[in-house]
Amino acid sequence: MKVISTKKAPAAIGPYSQAVQVGNLVYTSGQIPIDPAKGTFVEGGIKEQTWQSLTNVKAILEEAGTSMSNVVKTTVFMADMNDFADMNAVYAEFFSEPYPARSAVAVKTLPKGALVEIEVVAEVE
């Protein structure tokens, strides 16, 4: 197992890695909308938070030598499923066909009161 870490995404704040690579797959930890340059949440609502969460995922994947186009599975955790359409609109900016498999679920709460948290599994070619 290889640990993946970049300063272009928020540092792990607990006993976990930003991502790990096993074989040709990279598994990211869930990314919440923290701007790594500032260490704070981005301002705005679900659209801004989704954009930052996916930007953090993208930075981790690039550090691992892969990209969003190699994502095979995503999991989106949301605080409110009423935000699904707005989350989905931003999500669509980061992925193109063939789209990765995805689960999207509503949860009671997310770390630091985030509206969204996103994790992915990606292939390293």
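What you are looking at is a predicted structure, and each value in this text was computed from that prediction instead of being measured.

1. A word on the side chain of Thr6
Logical step 1: In this fold, Thr6 is placed in the loop between strand E1 (2-4) and strand E2 (19-22).
Logical step 2: At 3.1 Å, the side chain of Thr6 forms a polar contact with the backbone nitrogen of Lys8.
Logical step 3: For Thr6, the residues in contact, after removing those within four places along its chain, are Gln18, Ala59, Ile60 and Glu63.

2. Things to note about the sheet that holds E2
Logical step 1: As summarised here, the arrangement of the six strands in space is E1-E2-E3-E8-E6-E7, forming an open sheet in which the pairing is mixed. Both edges of this open sheet fall to E1 and strand E7 (101-106), since each of them pairs with a single strand only. Across the sheet, the axes of successive neighbouring strands diverge by a mean angle of 15°, strand direction being ignored.
Logical step 2: As judged from the seven bridges shared by strand E6 (residues 71-78) and strand E8 (residues 116-123), these two strands associate in the antiparallel manner. Paired with Phe77 across the bridge in E8 is Glu117.
Logical step 3: Its contacts with the sheet put helix H1 (residues 46-63) on E1, E2, strand E3 (25-28), E6 and E8, and the angle it makes with E8 is roughly 30°.

What counts, and where the lines are drawn
- Residues numbered from 1 in each chain as written.
- Predicted model: local features only at pLDDT ≥ 70, side-chain atom pairs only at ≥ 80, totals over all residues.
- Heavy atoms only, no water.
- Helix = DSSP H or I, 4+ residues; strand = E, 2+ residues; numbered from the N terminus.
- Polar contact = N/O pair within 3.5 Å; in protein donor to acceptor, adjacent residues only side chain to side chain.
- Contact = heavy atoms within 4.5 Å.
- Pairing = 2+ DSSP bridges.
- Axes fitted to C-alpha atoms, helices over the stretch in contact; angles between N-to-C directions.

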